[in-house]
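A structural walkthrough
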Amino acid sequence: MAMTPLFDPAKKKRPMHVAGFMSGSGTNIRKLLELQRRLESSKEGSPFRLAFIFSDRSDGGSRGEAIALEAGIPYFSYDVRRFHQIRGVRRSVSTEEGMAIRREYDEVARKLVEAFEVDVIALGGYMSFITLPRCVNVHPADLTVENPDGSRRFVGDHAVRDALSAGSRELRASTLWTDLGVDSGPLLLISKPLEVRLPTDIDTLRRDPELLERTADEHQDRLKEVGDWEIFPRTIQWIAQGRFSLDEKGVIHLDGEPIAKGRRL
């Protein structure tokens, strides 16, 4: 079966060019830059380099400019909320019109990706739906957990809250090669577990939406350290080293071995 590397360093003969897309604090992008710097000081060097940072916020809510300034790389912002306000449309891709508007918004980012010869887009806390290809996302849930119909159970913006409400005893983060679905692309890495620690019994938690939300936020912050910050930089590094491939059926392979449900750490 033919397999296509997500990135082929032997063919490119240069480090993989990465664009970091973010919306908020950008801790995942910071961790990616930290790994790049460590690898650059090693004998082998870094197999990837961050070409620029892009944010979908221009209202000061994103730390992208500060991170880019510190790293000495270009920074671009294009506020997605204002983009939709001016056009008088909701931020939704559930309709044909909404998807067309989102493609129009992504056109700016697409031109940047082409200009910088970007090979992979690293979505480090990027909260907008994206229509561009070749993206890696990190999601705060174990995406191998399924519903009875085989669909992924904990997807979307409230994955941690949903997992806690469902009675999960541990949480994991996942990286995936995105498609146009919601957290539905092929899985890459699954993090080590984070033990769930509830402030009260699960039934009480379910009856108190505010407490449930606070508990979910606390667990998501803790999950970043053992989950996102471990698997997100490692995923980008392994892609840059040519270790991940995609076969004709859309199954990811790591070092030549199929990993239909990702590689668990």
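For the structure, check the block above.
On a predicted model such as this, the values are computed, not experimentally measured, just so you know.

Considering the overall build of the protein chain
On a plain count of helices and strands, the protein chain comes out with 8 helices and 14 strands. Its C-alpha atoms give the protein chain a radius of gyration of 19 Å, near enough to 18 Å, the size a compact globule of 265 residues would have. Counting only C-alpha atoms, the protein chain reaches 55 × 50 × 35 Å along its principal axes. Counting the 265 residues in the protein chain, one finds 45% classified as buried. Considering only contacts within the protein chain whose residues lie at least 6 apart along the sequence, 65% involve residues at least 24 apart. Within the protein chain, the 41 negative side-chain charges are centred at a point lying 3 Å from the centre of the 40 positive side-chain charges.

A few points about the sheet that holds strand 11 (residues 244-247)
Sheet architecture is open: 4 strands sit in the order 1-11-12-13, paired in antiparallel fashion. Unpaired on one side and paired on the other, strand 1 (3-5) and strand 13 (257-258) mark the two borders of the sheet.

A closer look at the sheet that holds strand 4 (residues 75-77)
The 8 strands are arranged 4-3-2-5-6-8-9-14 in an open sheet whose pairing can be described as mixed. Each edge of the open sheet carries a strand with a single partner, namely strand 4 and strand 14 (263-264). By the bridge criterion, 4 bridges tie strand 6 (residues 135-139) to strand 8 (residues 174-177) in an arrangement that is antiparallel. Paired with His139 across the strands is Ser174, a residue of strand 8. Lying over the sheet, helix 5 (residues 96-115) contacts strand 2 (16-22), strand 3 (48-55), strand 4 and strand 5 (120-123), oriented at roughly 155° with respect to strand 3.

Quick word on the environment of Arg30
The residue Arg30 is located in helix 2 (residues 27-40) in this model. Each residue touching Arg30, except ones within four places of it in the same chain, is listed here: Arg63, Ile67 and Glu70.

Comments concerning unusual backbone geometry
Non-glycine residue Glu117 carries a positive phi angle of around 50°. The topology assignment puts Glu117 in the loop between helix 5 and strand 5. If you check the backbone angles, Asp183 has positive phi at about 55° while not being a glycine. By secondary structure assignment, the location of Asp183 is in the loop between strand 8 and strand 9 (187-190).

Looking at helix 8 (residues 209-240)
Helix geometry: helix 8 is bent most strongly at Lys224, by close to 55°. Just beyond helix 8, the residue with positive phi is Gly242, at close to 80°.

Here is what the cut-offs are and how they apply
- Numbering of residues begins from 1 in every chain and follows the order in which that chain's sequence is written.
- Under the rules for a predicted model, residues below a pLDDT of 70 receive no local features and side-chain atom pairs below 80 are neither given nor counted, while totals for whole chains, interfaces and linings still include all residues.
- For side-chain calculations, the full set of non-hydrogen atoms in the structure is used, while hydrogens and water are omitted.
- The numbering of helices and of strands both runs from the N terminus, where a helix is a DSSP run of H or I of at least 4 residues and a strand a run of E of at least 2.
- The globule rule used here is 2.2 Å times the number of residues to the 0.38 power, and the radius of gyration it is set against is calculated over C-alpha atoms.
- Only protein chains enter the area calculation, which uses a 1.4 Å probe; residues under 20% of their type maximum are buried, those over 50% are exposed, and those in between are partly exposed.
- Throughout, a contact is declared for two residues whenever any of their heavy atoms are within 4.5 Å.
- This count recognises Lys and Arg as positive and Asp and Glu as negative, with His and chain-terminal groups excluded.
- By convention, the point assigned to a charge is CZ for Arg, NZ for Lys, CD for Glu and CG for Asp.
- Each pair of strands is called paired provided DSSP finds at least two bridges between the two strands.
- Angular values range over 0 to 180 degrees, each being the angle between N-to-C directions of two axes fitted as lines to C-alpha atoms, with helices fitted over their stretch in contact.
- What the bend at a residue measures is the angle between two axes, fitted to the seven residues ending there and to the seven starting there.

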